[in-house]
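# A closer look at the structure
Take a look at the letters that make up each chain.
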Number of protein chains: 2
Amino acid sequence: MPIYNAPIKDMQFILHDLLKVSEQDIPGFDELDRDFTGAVLEEAGKVASEVLAPLNGVGDTEGCVLENGTVRTPKGFKEAFKQMKDGGWTAMDCDPQYGGQGLPYIMHMAAQETLVSANMAFQMYQGLTHAAYSAIYIHGTDAQKQMYLPKMTTCEWTGTMNLTEPHCGTDLGLMRTKADPQDDGSYAITGQKIFISAGDHDMADNIIHLVLAKIPGGPDGIKGVSLFIVPKFIVNDDGSLGDRNGVSVGKIEEKMGIHGNATCVMNYDGAKGYLLGEMHKGMRAMFTMMNEARLGVGLQGYAQSEVAYQNAVAYANDRLQGRAVTGVENPEGPADPLMVHPDIRRNLMDQKSFNEGARALTFWGAYLMDRAHKNGDAEADGLISLMTPVIKGFQSDKGFEYAVAAQQVYGGHGYIEESGMSQFARDARIAMIYEGANSVQALDLVGRKLAQDGGKHVMAFFEMIKTFIADNKGDEAYERDFLDPLKAASKDLQAAGMYFMQNGMKNPNNALAGSYDFMHMMGHVCIGLMWARMGKAAIDALADGASDTAFYETKIATGRYYMARQLPATALHLARINTGADTVMALDAAQF
Amino acid sequence: MPIYNAPIKDMQFILHDLLKVSEQDIPGFDELDRDFTGAVLEEAGKVASEVLAPLNGVGDTEGCVLENGTVRTPKGFKEAFKQMKDGGWTAMDCDPQYGGQGLPYIMHMAAQETLVSANMAFQMYQGLTHAAYSAIYIHGTDAQKQMYLPKMTTCEWTGTMNLTEPHCGTDLGLMRTKADPQDDGSYAITGQKIFISAGDHDMADNIIHLVLAKIPGGPDGIKGVSLFIVPKFIVNDDGSLGDRNGVSVGKIEEKMGIHGNATCVMNYDGAKGYLLGEMHKGMRAMFTMMNEARLGVGLQGYAQSEVAYQNAVAYANDRLQGRAVTGVENPEGPADPLMVHPDIRRNLMDQKSFNEGARALTFWGAYLMDRAHKNGDAEADGLISLMTPVIKGFQSDKGFEYAVAAQQVYGGHGYIEESGMSQFARDARIAMIYEGANSVQALDLVGRKLAQDGGKHVMAFFEMIKTFIADNKGDEAYERDFLDPLKAASKDLQAAGMYFMQNGMKNPNNALAGSYDFMHMMGHVCIGLMWARMGKAAIDALADGASDTAFYETKIATGRYYMARQLPATALHLARINTGADTVMALDAAQF
């Protein structure tokens with residue numbers, strides 16, 4: 001069975017050496033001292049390794065089954081879900097007013113990583129509930145909040161998000177589901193939604209569906225879409241559960257992965273729904289969920305890559321095959337471990353340097369969310385808005401790539417389901433698709449976010465890098481290994497932005513043809529910045545006499561690897577971007 | 001259900017415009033005029049689309065089942081296999097002396113592509129038989145050839161290759177299976193082999209296992225390995241089937257993909273085996289199979305990418321989602337087809353330009369094999385020996401990458417098994433692993449092939465590029481779009497070779513740490529060379545007044561895309577190679 005150990009030291013390094021969370025002037029952050037965060041993460045890691053990880057393969061093999069209109073989850077899921085609730089793992093950052101623990105979002109995300117690495121399909125039931133909680137928390141009336149949130153913080157009731165229909169995913173303006181106003185102020189929701197994760201299951205008493213639909217007579221297209229709360233069981237005024245609502249599961253999809261999570265076709269047949277937020281402003285409310293969900297998906301990317309990596313390392317140390325070209329290293333054994341071979345190292349270092357960089361970027365993103373939400377910091381808000389498509393798109397692409405790379409270390413054994421390595425890759429694959437396929441993330445980044453508020457946020461990002469480099473000069477090796485590569489990569493990214501400005505006006509295709517490259521390029525620059533900062537933090541810790549020198553030296557070596565071998569990808573992306581739309585758009589549709 | 005149409009025009013272009021096969025002075029090539037090859041490929045394509053493709057999903061869903069010691073193949077496989085035999089599709093290039101059709105290997109490979117695209121798992125039963133045929137054909141005694149080959153050309157008997165054991169895959173010197181000499185001149189084979197594709201099934205009367213084992217008392221390690229013919233049923237002297245041999249299926253593995261092909265644990269319990277080739281020279285004989293199989297796996301890579309691409313194109317033209325940023329293109333519809341979006345184009349062009357380039361490289365490889373085998377051309381032999389790890393490693397990596405990219409075009413629908421896109425990706429995944437994991441291909445390329453015969457073959461390859469560039473100057477646009485990028489990429493590749501020479505002596509890890517990058521780099525340069533040649537061939541065809549101008553213009557545009565957007569990857573690979581082993585080998589095993 002695959003192993004999983006929560007990388008708590010690495011997380012603590014990011015929280016304390018890098019972000020220095022307890023020193024930040026953000027409400028709630030003063031509590032986050034090293035002991036406290038360590039204790040929380042230790043406990044989360046225990047739940048992840050002992051409760052969730054053992055069910056990961058079970059979920060994959062058994063999958064979910066539709067029986068008499070209800071979804072049965074794989075064996076053991078119900079009990080594990082109860083343990084999650086009982087342990088208080090469902091609402092770390094929720095408002096204490098509704099039963100949450102009121103911790104910063106960054107702590108929620110750190111704990112999430114361990115749970116997602118251990119069992120992504122399982123954790124989605126809770127992740128979607130959290131996103132639905134946020135949408136109701138921000139857009140709901142007081143009565144709605146009182147009615148739904150306390151049960152959602154505990155996951156006694158779970159949540160879903162219903163956007164996609166058979167004929168429309170990205171282009172929600174084509175939506176056909178309608179919401180007919182009723183005399184009692186509610187709406188009758190009718191239509192079919194597909195790809196609804198956690199659409200039904202047997203682990204909660206009620207399921208709160210958030211559903212996009214059109215109120216007849218409203219504006220055409222996306223501007224006429226509203227968001228509705230549609231509970232599986234109608235909730236009575238006293239909070240007790242009433243009638244079964246007119247929503248049912250049409251079928252469960254057979255998927256490439258995340259078999260432990262039921263992906264449902266949901267049929268709404270005049271189901272009772274309650275408007276959430278403003279009429280016709282459903283997309284805005286849905287984006288509250290989406291943005292949070294997108295960060296979560298970026299986390300899923302590297303969380304799957306992380307657990308796959310841990311297993312690949314164990315295998316590389318254990319499996320004896322061939323001899324080191326520089327001389328036998330395991331003379332007592334019949335062969336040396338795979339770990340001696342340079343190309344195995346190259347592969348593992350790719351994975352390791354990405355995982356740790358992506359973790360830093362994600363935690364930094366969560367920290368920006370906290371600053372934005374708790375301090376009302378508009379700059380942080382703008383920055384995380386810019387970063388969201390990068391974190392989602394780049395990290396899910398790379399997360400899948402490296403889950404596949406970790407599988408490769410196993411050779412033939414990686415292709416056999418028994419090893420568990422195939423599941424990591426198959427599960428990671430979905431992150432590139434849902435919550436907006438990565439092509440849409442690239443479009444969002446280049447088509448909207450770059451120019452948002454007059455380009456202010458991307459300028460601030462460049463300025464941040466420039467300032468960081470200027471402020472941290474002095475150590476020759478550090479400059480050569482970290483600052484110089486960062487500077488070069490950042491220059492490439494700026495050149496790409498410049499190309500878009502100069503050529504996108506003439507023909508927007510010149511920018512959009514390079515959007516995917518830009519997203520990846522920016523992902524590299526972000527992780528490059530993280531590694532430059534982590535390298536500095538590690539050097540500082542060593543200078544301050546930190547006792548665990550091996551840990552900090554490993555950080556520096558891993559960072560050097562990323563800067564030397566991954567970050568130079570920006571030049572390739574720039575070269576591609578600079579060719580514009582010419583070769584991309586050259587063919588007629590019939591010529592493909 | 002997914003579609004498949006054999007890309008016959010593209011194949012004909014390679015055979016006739018590019019390779020001009022019928023003009024080559026190679027025995028049998030004079031027959032290969034345009035009409036003949038077109039007719040053969042037309043028929044192969046029909047079998048592929050009408051017989052094999054409809055069974056691809058069936059094979060994936062049903063898989064193989066072990067019943068009473070025998071493997072039952074998915075519904076319809078048996079009938080389809082009979083159609084393959086009856087149609088003469090099993091032995092196109094086999095020796096007429098043994099019932100083959102004696103066509104050139106290049107025709108065999110071209111026909112194979114269509115069958116592999118249509119149903120890779122199914123086609124492996126035949127592909128392995130072909131490889132076993134070749135091993136017996138080259139290394140067998142006359143009696144062995146008479147006994148086995150006629151039945152193998154028709155696939156009345158199929159073949160397998162047995163190398164891997166539970167504790168050793170790449171490092172076959174650790175092998176434990178033994179072959180005890182018997183009084184009658186045969187050997188008693190005892191041991192366990194794993195990952196045996198097509199190890200058992202119900203579609204042939206007999207299965208001829210080629211098994212590596214050690215004769216006690218022989219040299220240690222790989223030098224003491226011999227190859228044996230171990231039939232499932234002993235063959236009597238009159239050719240009739242005798243007793244069941246002591247070989248049985250331990251179990252069928254559950255795999256990520258190629259479910260239609262039984263991957264078996266094979267137990268040999270004193271099974272009767274017959275030495276094939278020389279004692280203790282088993283690896284040499286096995287490599288006859290391996291080299292052929294590796295070209296076949298390189299073909300599998302792009303063949304899966306090709307069929308996935310065809311479906312992605314159909315979906316992109318069909319699915320309406322969003323509007324073109326440059327203005328509505330489908331005013332009658334509720335939205336424009338996906339095909340209007342630049343990033344969808346970018347993705348499809350990546351796939352298309354790779355598939356066509358890889359096909360050219362593979363056909364060229366097959367042509368070199370024909371030259372080597374039929375003309376005894378040592379240069380061609382050296383060149384294909386150099387190319388084999390590149391074709392296998394690069395094309396299977398990219399084939400998987402682009403099967404995944406094609407799946408991505410489908411958005412959420414691509415993750416659902418019903419669309420068939422997941423299967424293409426899952427099936428393509430194995431090609432990166434079997435017949436020597438791609439890390440081993442990179443090692444073979446950099447550790448052995450580059451220096452083979454004093455580096456003569458890689459020098460010849462560089463010289464070929466140089467000559468081609470020198471000979472084809474004159475057209476400004478062609479120089480800019482094709483020759484200049486090829487020159488730059490080739491320069492990068494030479495610089496990498498130079499780096500290895502200068503730094504690999506001091507420390508071989510400096511070369512091996514860059515081996516994977518080198519393999520990819522060389523793959524790009526090979527495909528770049530193919531595109532430069534195809535671009536020229538298309539320009540020449542247009543200048544000669546070819547009627548199908550759209551076809552040739554599409555070729556030129558697709559080539560321009562590859563040169564502009566894919567080939568520049570060589571610079572990134574060089575940058576990585578130039579950092580040597582330093583950051584790759586920096587950590588102790590415990591620091592991972």
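Residues numbered from 1 in each chain as written. Chains lettered and ligands numbered in written order. Predicted model: local features only at pLDDT ≥ 70, side-chain atom pairs only at ≥ 80, totals over all residues. Heavy atoms only, no water.

When helices and strands are tallied, chain A shows 19 helices and 11 strands. Its C-alpha atoms give chain A a radius of gyration of 24 Å, within 12% of the compact-globule value 25 Å for 592 residues. A principal-axis box enclosing the C-alpha atoms of chain A has dimensions of 80 × 60 × 55 Å. Within chain A, the proportion of its 592 residues that are buried is 65%. When the accessible area of chain A is evaluated, it comes to approximately 20200 Å², of which 50% is carbon and sulfur surface. Within chain A, one finds 51 positive and 73 negative side-chain charges whose respective centroids are separated by 4 Å. (Helix = DSSP H or I, 4+ residues; strand = E, 2+ residues; numbered from the N terminus. Rg over C-alpha atoms; globule rule 2.2 N^0.38 Å. Buried < 20%, exposed > 50% of the residue type's maximum accessible area, 1.4 Å probe, protein only. Areas by Shrake-Rupley, 256 points an atom, 1.4 Å probe, with all protein chains shown as cover. Lys, Arg positive; Asp, Glu negative; His and termini not counted. Charge placed at Lys NZ, Arg CZ, Asp CG, Glu CD.)

On the side of chain B, 95 residues touch chain A, which itself brings 95 residues to the contact. In this assembly, chain A packs against chain B so that about 7800 Å² is buried in total across both faces, 59% of it on carbon and sulfur atoms. On inspection of chain A and its partner chain B, the count reaches eight salt bridges. Glu418 of chain A is the salt-bridge partner of Lys251 of chain B, the closest N and O atoms lying 3.5 Å from each other. The interface formed by chain A and chain B contains 48 residue pairs in polar contact (both at pLDDT 80 or more). Considering every element that reaches the side of chain A that touches chain B, the biggest residue donor is helix α18 (residues 549–566) of chain A, with nine residues. (Contact = heavy atoms within 4.5 Å. Buried area = accessible area lost by both parts, 1.4 Å probe. Salt bridge = Lys/Arg side-chain N within 4 Å of Asp/Glu carboxyl O. Polar contact = N/O pair within 3.5 Å; in protein donor to acceptor, adjacent residues only side chain to side chain.)

Before going further, it helps to examine the domain arrangement of chain A. Often, the extent of an interface is quoted as the loss of accessible area upon association of its parts. Parsing chain A into structural domains produces domain 1 (8–139), domain 2 (158–281) and domain 3 (453–592). Look at where the C-alpha atoms of domain 2 of chain A and domain 3 of chain A centre, and you get two points 40 Å apart. (Domains from an automatic or database assignment.)

Quick look at the packing of helix α8 (residues 282–318) of chain B against helix α10 (residues 378–409) of chain B now. Residue and element names in this part refer to chain B. In contact at an axis separation of 7 Å, α8 and α10 are set at 25° when each is read in the N-to-C sense. When the axis of α8 is compared with that of α10, the two are roughly parallel. Seen along the crossing, α8 lies across α10 with a hand that is left-handed. (Axes fitted to C-alpha atoms, helices over the stretch in contact; angles between N-to-C directions. Parallel < 35°, antiparallel > 145°, perpendicular 65-115°, else oblique. Left-handed = near helix turned anticlockwise from the far one by under 90°.)

Further remarks concern the state of the cysteines. Residue and element names in this part refer to chain A. With the rule as written, the count across this model stands at zero disulfides over all chains. Counting only cysteine sulfurs, Cys264 is the nearest neighbor of Cys64, a cysteine outside any disulfide, at a range of 7.7 Å. Judged by its relative accessible area of 15%, Cys64 is buried. (Disulfide = S-S within 2.5 Å.)

Turning our eyes to something else, we now look at the environment of Met286 of chain B. Residues and elements named next belong to chain B. Here Met286 is to be found in helix α8. Residue class for Met286 comes out buried when judged on its relative accessible area of 0%. Through-space distance from the C-alpha of Met286 to that of Ser226 is 9.0 Å; in sequence the pair is 60 residues apart. Once residues lying within four places of it in the same chain are set aside, the contact partners of Met286 are Met161, Asn162, Leu163, Leu210, Leu212 and Leu227.

What follows is about the confidence of the model for chain A. Looking at chain A, pLDDT values average 97 and 100% of them are 70 or higher. Across the whole predicted complex the pTM is 0.98, and at the interface the ipTM reaches 0.98. (pLDDT = per-residue confidence, 0-100.)

In this structure, Phe461 of chain A together with Phe461 of chain B are the most contacted members of the largest nonpolar core, which totals 406 residues. Not counting residues within four places of it along the chain, the set of residues in contact with Phe461 of chain A comprises Leu383, Leu386, Met387, Leu493, Met522, Val525, Cys526 and Leu529 of chain A. (Core = buried A, V, L, I, M, F, W, Y, C linked by side-chain atoms within 4.5 Å.)

Here we take up the side chain of Glu165 of chain B. Residue and element names in this part refer to chain B. Secondary-structure assignment places Glu165 in the loop between β3 (157–162) and β4 (178–181). The exposure class of Glu165 is buried, given its relative accessible area of 2%. A distance of 2.7 Å separates the side chain of Glu165 from the side chain of Thr177, its partner in a polar contact. Residue contacts for Glu165: discarding those within four places in its chain leaves Met175, Arg176, Thr177, Gln192, Lys193 and Ile194.

Of the two same-sequence chains, chain A is brought onto chain B (RMSD 0.0 Å, axial shift 0.0 Å) by a rotation of 180°. Within this description, the copies of the chain are treated as partners about a two-fold rotation axis. Taking C-alpha positions as the reference, the residue of chain A nearest the rotation axis is Leu572 of chain A, at 3.2 Å. A shared binding surface is used by both copies, with 100% of the interface residues of chain A retained as interface residues in chain B. (Least-squares fit on C-alpha atoms with pLDDT ≥ 70 in both.)

Residue and element names in this part refer to chain A. Enumeration according to the criterion identifies 70 salt bridges over all chains in this entry. Salt-bridge contacts for Asp10 lead to Lys555; the nearest nitrogen and oxygen are separated by 2.6 Å. Placement of the pair is Asp10 in helix α1 (residues 8–18) and Lys555 in helix α18, with a sequence separation of 545 residues. In this pair, the class of Asp10 matches that of Lys555, namely buried. Here Arg359 ties to Glu306 by a salt bridge, and the two come within 3.1 Å at their closest N and O atoms. One end of the pair, Arg359, is in helix α9 (residues 342–375); the other, Glu306, is in helix α8 (residues 282–318), with 53 residues separating them in the sequence.

This paragraph deals with unusual backbone geometry. For Asn68 of chain A, which is not glycine, the phi dihedral falls at a positive 50°. Tracing the sequence through the fold places Asn68 of chain A in the loop between β1 (65–67) and β2 (70–72). Even without being a glycine, Glu435 of chain B presents a positive backbone phi close to 55°. Along the polypeptide, Glu435 of chain B turns up in the loop between α12 (421–429) and α13 (438–449). Look at Glu435 of chain B and you get buried, because its relative accessible area is 15%.

So, on to α8 of chain A. Residues and elements named next belong to chain A. Between its first and last C-alpha, α8 extends 53 Å over 37 residues, near the 54 Å set by a 1.5 Å rise per residue. The sharpest bend along α8 measures roughly 25° and falls at Thr288. Burial analysis of α8 places 30 of its 37 residues in the buried class, the great majority of the element. (Expected span 1.5 Å × (residues − 1). Bend = angle between axes of the 7 residues up to and from the residue.)

Residues and elements named next belong to chain B. Between helix α2 (residues 34–52) and helix α4 (residues 77–86), the shortest axis-to-axis distance is 11 Å and the interhelical angle comes to 165°. Considered as vectors, α2 and α4 are oriented roughly antiparallel to each other. Judged by the twist between their axes, the crossing of α2 over α4 is right-handed. Contacts between α2 and α4 pair Val47, Val51 and Leu52 from the former with Ala80, Gln83 and Met84 from the latter. Residue composition of the contact of α2 with α4, by class: five nonpolar, one polar and no charged. (Nonpolar A, V, L, I, M, F, W, Y, C, P; charged D, E, K, R; others polar.)

All right, on to the side chain of Ser422 of chain B then. Mapped onto the elements of the fold, Ser422 of chain B is located in helix α12. At a separation of 3.0 Å, a polar atom in the side chain of Ser422 of chain B contacts the side chain of Glu417 of chain B. Not counting residues up to four positions away in its chain, the partners in contact with Ser422 of chain B are Met256 of chain A together with Gln407, Gly414 and Glu417 of chain B.

Below, the discussion takes up the packing of aromatic side chains. Applying the stated criterion across every chain yields a total of 35 aromatic pairs over all chains. The interplanar angle of 75° and the centroid separation of 5.8 Å between the aromatic rings of Phe13 of chain B and Phe551 of chain B together place this pair among those described as edge-to-face. Here Phe13 of chain B is found in helix α1 (residues 8–18), whereas its partner Phe551 of chain B is found in helix α18 (residues 549–566), with 538 residues between them in sequence. Owing to a relative accessible area of 1%, Phe13 of chain B belongs among the buried residues under this scheme. Here the aromatic cluster, defined as three or more aromatic residues joined through ring pairs, consists of Phe13, Phe551 and Tyr552 of chain A. The aromatic ring of Phe233 of chain B is capped on one face by Arg244 of chain B, whose charged end is 5.6 Å from the ring centroid. (Phe/Tyr/Trp six-rings, centres within 6.5 Å; stacked < 30°, edge-to-face > 60°. Lys NZ or Arg CZ within 6 Å of the ring centre and 35° of its normal.)

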